[in-house]
Amino acid sequence: MKVSLVIMAAGLGSRYGGSKQVDGIGPNNEILMEYSIYDALRAGFNKVVFIIKPEMEPLMERICGEYLRRRTALDGTPVEVAYVHQDFSSVPDFYQIPVERTKPFGTVHALLCAAKAVHEPFCVINADDYYGIDAYRAIYDELATLPENGRGAMVGYLLKNTASLHGTVSRGICAVAEGKLRSVRETLKIQLYPDGTLKDLAEDRSLDPDTVVSMNFWGFTPGVFPALKSYFENFLRTEAGDNIKAECLLPMMVGNQLESGSMEISVLHSADRWFGMTYREDRARVAEELRKLHASGAYPASLKG
């Protein structure tokens, strides 16, 4: 079957201080999304959709597109590659974009931009996170079981493994029961301390290190796009207003669907450890993790071989 990996790569990486999506951090200058692509293809995915800023397309074609078009998927078919642009041209006409706004409208908007290119079950991920091969295998198997509407999946990670000592992070705090996602609460200022404790600075409360969080590793069918469109348009009419930093986020959209009873989300778990770069100070740790994975044989010398 056709199964897509959809990569959200249009973010500006403001806290990181540069374009972390194309920061060569692996032993041979690999960028993080190359590991995601490599792992997804060996799990069975056969299409890759990049959500990018329009000016990024030549760079992405040079880094990933050219070699992907020469790859063959596990099912023997050529790997399909598509680019979609996240920009203001896709925002409905009823909303007047503030003159000062430069950032995209977040992950719901990003995924909506891919609607015309995605006609099959898909996994959507962040470009600047490392999820591990086990996560892709788990969600690939789950995607094969999803009906056209009403169900999705996510791979959950433990909060203690996803925070940074170098500043606060935003995470979707999940309530999980019997393998199903019950609710998602966006927590915007989570601080990890050297002793391993975690705190929600916005609400001045401690957080359980073993809490399950969303790292934007979702599995859906194209049936999710109407719900995304409705949620995004409501966001523009209510929360966005003149706020030049307002973002419409996937975990919150999923939480809304759960509350209304419109969607059921299975929570999958990965044996691999997530890591990523929120701040530039995270870079050395991530580079070392990747070096160890190559040295252990988890990855070949060249991901493009």
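First, a word on what this report is: a plain description of the structure on this page. All of these numbers come straight from a predicted model, not from anything done at the bench.

## A look at the nonpolar core
Soluble globular proteins tend to pack their nonpolar side chains together in the buried interior.
Then, number 1: Ranked by internal contacts, the top residues of the largest apolar core, which has 51 residues, are I7, I37, F45, F50, C64, L68 and F217.
Then, number 2: Considering each element in turn, this core owes the most residues, six residues, to helix α4 (residues 133-143).
Then, number 3: Not counting residues within four places of it along the chain, the set of residues in contact with F50 comprises I7, M33, I37, M60, C64, L68, V81, A82, Y83 and V84.
Then, number 4: Ranked by size, the runner-up nonpolar core spans 43 residues in total, among them V118, W218, F235 and V254.

## Observations regarding the side chain of S266
Then, number 1: Tracing the sequence through the fold places S266 in strand β12 (residues 264-269).
Then, number 2: A polar atom in the side chain of S266 sits 3.1 Å from the side chain of K180.
Then, number 3: Once residues lying within four places of it in the same chain are set aside, the contact partners of S266 are E142, R151, G152, A153, M154, G179 and K180.

## A few points about the environment of T77
Then, number 1: Mapped onto the elements, T77 comes out in the loop between α2 (57-68) and β3 (80-85).
Then, number 2: Separated by 31 residues in sequence, T77 and N46 place their C-alpha atoms 7.4 Å apart.
Then, number 3: Beyond its immediate stretch of four places on either side in the chain, T77 contacts N46, R71 and T72.
Then, number 4: One polar contact links T77 to D75, side chain to side chain, over a distance of 2.6 Å.

## Things to note about the pairing of strand β1 (residues 4-8)
Then, number 1: Extensive coverage of β1 is indicated by the burial of five of its five residues.
Then, number 2: For β1 and strand β2 (residues 47-52), the ladder comprises five bridges, and the chain directions are parallel. Bridge pairing in β2 links L5 to V48.
Then, number 3: Where β1 lies against strand β4 (residues 122-126), five bridges are found, and the strand directions are parallel. Opposite I7, over in β4, you have I125 as the bridge partner.

## Quick look at the packing of helix α1 (residues 32-43) against α4
Then, number 1: Between α1 and α4, whose axes approach to 8 Å, the crossing angle comes to 45°. With respect to α4, the axis of α1 lies oblique. Pair α1 / α4 crosses with right-handed handedness. Along the contact surface, α1 presents S36, D39, A40, R42 and A43, while α4 presents I133, Y136, R137 and Y140.
Then, number 2: Taken together, the residues of the contact of α1 with α4 sort by class into five nonpolar, one polar and three charged.

Parameters and conventions
- Numbers given for residues are sequential positions, taken from 1 along each chain in its written order.
- With pLDDT at 70 or above as the cut-off, local features in this predicted model cover only qualifying residues; side-chain atom pairs require 80 or more to be listed or tallied, and sums for whole chains, interfaces and linings still use all residues.
- Hydrogens are left out, water is left out, and the side-chain values use all remaining heavy atoms of the structure.
- For our purposes a nonpolar core is just a set of buried Ala, Val, Leu, Ile, Met, Phe, Trp, Tyr and Cys residues, chained together by side-chain atoms within 4.5 Å.
- Partly exposed residues are those whose accessible area sits between 20% and 50% of the maximum for their type, while under 20% is buried and over 50% is exposed, using a 1.4 Å probe and protein chains only.
- Each helix corresponds to a stretch of at least 4 residues labelled H or I by DSSP, and each strand to a stretch of at least 2 residues labelled E; elements are numbered beginning at the N terminus.
- Only heavy atoms matter for contacts: two residues are in contact if any of them lie within 4.5 Å across the pair.
- Here a polar contact means two N or O atoms within 3.5 Å. Within protein one must be a hydrogen donor candidate and the other an acceptor candidate, and residues neighboring in sequence count only if both atoms are side-chain atoms.
- Strands were regarded as paired on the criterion that DSSP finds at least two bridges between them.
- A fitted line through C-alpha atoms serves as each axis, taken over the contacting stretch for helices, and the angle formed by two N-to-C directions is quoted from 0 to 180°.
- For this classification, under 35 degrees means roughly parallel, over 145 means roughly antiparallel, 65 to 115 means roughly perpendicular, and everything else is oblique.
- Should the near helix be turned anticlockwise from the far one by less than a right angle, the crossing is termed left-handed; should it be turned clockwise, right-handed.
- Each residue gets one of three labels, nonpolar for Ala, Val, Leu, Ile, Met, Phe, Trp, Tyr, Cys and Pro, charged for Asp, Glu, Lys and Arg, and polar for the others, Gly among them.

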